[in-house]
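Working through the structure, step by step
Single-letter residue listing:
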Amino acid sequence: MTYTSLNYLLYAAVCLLVYGVTPKKYRWWVLLAASMGFYAIVCLKYIGFIILTAATTYFGGIKLEKYITDSDAYIKSQKGKWSKEEKSAYKDKVTRNKKRICAAVLVFNFGILCFLKYYNFFADSLTSVLKHFGGKVPNLGLFLPLGISFYTFQSMGYIIDIYRKKYTAERNFFKFLLFVSFFPQIVQGPIAFYSDLAHQLYAGEDVRFENFKQGVLLVTWGFFKKLVIADRLVTTVTTISGDHKSYSGTAILSAALIYALQLYADFSGGIDISRGIAQLFGINMAENFKRPYFSKDISEYWHRWHITLGGWLREYLFYPVAMSKPFQKMGKALKAKFGMKISKVVPVSIASLITFIVVGIWHGANWKYVAFGVWNGGIIMISTLLEDNFTGWKNKLHIKENSKPFALFQMFRTFLIVLVGYYFDIAPNFKSAMSMMYLSVADLHISELAGREFYKTILLSKREIALVLAAMLVLFIVSLKQERSQTTLREQICKKNFVVQSLVFIVLFFSVVIFGVYGPGTDPADFYYMQF
Amino acid sequence: MKGIYKKRILKITALLIVMVLIAFICESLLIRTTSAAEAHIKNFYREPKNSLDVAVIGCSEMYADYSPPIAYRNFGFTSYNLAVEGVPGHFFNSMLDEFLSRQDPQLVVFEVNGFFYTEKHIAIEGNNRRWLDNMKRNANWAELIHDTIAKEDQFDYYVRLSKYHSNWERPEGQLARMYSMYLNYKGEVSKMKSFGTRTSCNSKKKVNRKKPPQLTDYGREYLQATIDHCRELGLENVLFIREPHKAKISAETDAELEKMITDGGYKYLNLEAMSDEIGIDESTDYYNGDHLNVFGNEKATLYLGKYIMENYDISTEHTEEINKLWDDCADYTEEAFSILKERTLANEDKVYSEFNDLSEKGSALREKYHKIKKQGKDENFDEHEPPEFGDGEDFPTECEDKAPDKKE
């Protein structure tokens, strides 16, 4: 039961119906049953993993909070009895113990994630070394439980927030299990903060007509992106990247460009379906994309692309690293030698680099993903370090910062940087990625685009290309409208009269029905981010 | 508050009705089986109720080898070929049920070729779809899908757009189909009562069996099911026939068929074995190994018609209105046959279905459409494009061509 299947839509519709007729107080039970039911249908074999993560995080959270509350109470009770040193020593002890509890939960759950995700890779790598000495590390043929990255990140964010005393721990295990397993987001996010999502899940919001309309519109839009655009292009990308040496540089570059569109349509389409379904239940989930290809620099891009992962990493990795004692020490040392500016920029740049390397490794156990992280982190590091120089050059060249042509240049430049990163994504390994990049430049022949053979190569007929271009135009216009507006386009549509609303929905719906890639003879493509 | 809810329910209902209507329009524009099958099946439903004396059910052999208007002209009984290319025998019961839902025939004739198919042939989607996608959507249709199609594929049969939506990429083929249907729906009823041929005595598009067909386990099961169904319905006059083929069934198969059918209480007639008696000349009366051309059709029709009149007490009394309608059909068919005979003698080797306009103007238009279709195909260079179904150009069928038991 994938998100684009009719079964899923029917499942969601039945859940919504039951949710709507259930008394408010018990509605969260319906969501929990729906979530666990969905997980059981799709991935029953691995349901233990999600329950284990929920249980360890839940009990860890309660233990951590209890320890914090008891310690605070104890410190209060000792007011006036302790010397400053005694109080400080006790506080240090408390911090250490807090860290231990938190770390235990983190290590255990990230340990499961890492083991399942990277064991096979390390086993194969070790075997390739050990085979010379007759040794072998068994490949356990492990599979990733559905949504493990997403629910692990979400749960671990919760335990860190409890550690930071941002909110109190959830006392009801089943409520916490719902937060971890909410079915519209389990496959590929968006990753939610407990403070944003949990109260909505437990509130038992009424099924409102406005939410219903907007939700349906968002789901249909998601289907449009996924079935009309992404799934039509996926074969082109996988075929060319899977055997790039058989193709010209023009075809390889085309595949990379097509991938840029396909990935965006796939991932954002899937997220729209998730958010749309959640909205039917009156639950507003965080936005995960804000027109990323309109970004003027790579930092902005990462604030617009997979926003919830970026937000999670900033909150729980980047800031802790950048504010950590070693980094503070580094700052101080640099300040003494190179001055204020360098002392601020260098630690931040290194923290960015570390964060992106983690992002890369999170994508998979492969050097190409490390390179992906280094590329993105490196660009951010360099651009932060050279920011003053860039400003100087702009002034010398009399470039107006806010001019439209310069903004377009910035967008194009950012897109090129992103595109280079995509080569690491689509290539089977680091070496192939480099080879593909080389061929894209050295073997580029624009004249190929005029020939019929080229279209055969990219496995798309002229009509399909025309359709994709038309769909891209629609996507561009919608994005532009969104970019210029404070409210979402679907909110604007839902404020229009019934005829306009219906017309938009009908056109969108039948575009999916007629132009979508589905039905007999097609092989429905999984969401790209599902694998992570 | 109640007023708001009422208004909303009304609005949603209106929206749903409009969407269902659009879906039906899209489906009717995008559906594409073979125009010949579509015409043969849909034209059956256009026949005046209870106007047919004889029901003829079978595969492509029937509309190639038997002409109801020629039989009417010579023997006075009305009949209709509810015949679909490559239709497997397990659909025969449903075809009979559809026939009986609108007509009250005095005799039912089954051609047994549908029982010779193998599992491989049955697995070809097109062979299911020609019947299921063109018959009326009713309880019989829904039950048939439920009973005969794998569960995971049933949705695509119930909601045909799921299968055919991708035909937006092939507008030339859809236009050709629409043109065929436009020609087909000219006139009150079908003129030739389900007909198709190729104007050749030895077509380049051959369907020649090297091995004679045999009854498979599948065939036995469904032949028995058909016999049982006829008995359940209380039908007294049921005739099972084998139309002439170049590769003739063996004596064992013939005997097995005869035994099963006569044990069931019905008659069996092997026209194949009577080819000499009928006057079939293998060098001039077939357009390929499995199908007679118009010359052979005329001979086989006259023989079968005579047999029916001699062996069954068929009343040929009809209202004046029905007689007039059928006289027109017979006149048209005779004229068409004379044109088609000329073209066959000239070995034109082109496919004709009942809706083709045989006039010079019609032929010129047909050529024009072929060119458009070909151009469109070239522009698209779509390797996955299915064989052209548009105007019956690939008659007899893509399925029969693909059927492994026949090719080998």
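Keep in mind it's a predicted model, so treat the numbers as computed, not measured. (Residues numbered from 1 in each chain as written. Chains lettered and ligands numbered in written order. Predicted model: local features only at pLDDT ≥ 70, side-chain atom pairs only at ≥ 80, totals over all residues. Heavy atoms only, no water.)

Our next topic: the pattern of salt bridges. If charged atoms from side chains of opposite charge come close, those side chains can pair. Residues and elements named next belong to chain B. What the rule picks out here adds up to 43 salt bridges over all chains. Measuring nitrogen to oxygen at the nearest pair gives 3.1 Å for the salt bridge that ties E334 to R73. With E334 in helix α16 (residues 320-345) and R73 in helix α4 (residues 68-75), this pair connects stretches of sequence that are 261 residues apart. Salt bridges sharing partners connect three or more residues here, namely E27, E125, R129, D133, R137, R160 and K163. (Salt bridge = Lys/Arg side-chain N within 4 Å of Asp/Glu carboxyl O. Helix = DSSP H or I, 4+ residues; strand = E, 2+ residues; numbered from the N terminus.)

Looking now at a positive patch on the surface. A contiguous patch of positive charge, built from K76, K79, K87 and K91 of chain A, is present on the exposed surface. By the element assignment, K76 of chain A lies in helix α3 (residues 47-77). (Patch = residues over 30% accessible without salt bridge, like charges linked within 9 Å, V, L, I, M, F, W, Y side chains within 5 Å. Areas by Shrake-Rupley, 256 points an atom, 1.4 Å probe, with all protein chains shown as cover. Lys, Arg positive; Asp, Glu negative; His and termini not counted. Charge placed at Lys NZ, Arg CZ, Asp CG, Glu CD.)

Let us look at the side chain of E98 of chain B. All names here are of chain B. Of note, E98 is situated in helix α5 (residues 92-102). No salt bridge is formed by the buried E98; its nearest oppositely charged neighbour, K136, is found at 7.3 Å. At a separation of 2.8 Å, a polar atom in the side chain of E98 contacts the side chain of N140. Among all residues touching E98, those that are not within four sequence positions of it are F44, Y45, W131, M135, K136, N138 and N140. (Buried < 20%, exposed > 50% of the residue type's maximum accessible area, 1.4 Å probe, protein only. Polar contact = N/O pair within 3.5 Å; in protein donor to acceptor, adjacent residues only side chain to side chain. Contact = heavy atoms within 4.5 Å.)

Here the focus is helix α6 (residues 173-181) of chain A. Residues and elements named next belong to chain A. The element α6 is extensively covered by neighbouring structure, given that seven of its nine residues are classed as buried. Inspection of α6 places F173, F176, L177, L178, F179, V180 and S181 among the buried residues, and these make up the whole buried set. Between a side-chain oxygen at the N-terminus of α6 and the backbone nitrogen of F174 the separation is 2.9 Å; the capping residue is N172.

Moving on to the UniProt feature "transmembrane region" (unreviewed entry) in chain B. Per the UniProt record, the feature "transmembrane region" (unreviewed entry) sits at residues 12-31 of chain B. Between the first and last C-alpha atoms of residues 12-31 of chain B the distance is 28 Å; the span itself is 95% helix and 0% strand. (UniProt positions renumbered as here; feature names shortened; annotations may be inferred.)

Residues and elements named next belong to chain A. There is a patch of nonpolar side chains on the surface, built from I382, L385, L386, F390, W393, L397 and I399 and spanning about 620 Å² of accessible area. Every element with two or more residues in the nonpolar patch is listed here: α14 (367-385) and α15 (387-396). Relative to the elements of secondary structure, I382 occurs in helix α14.

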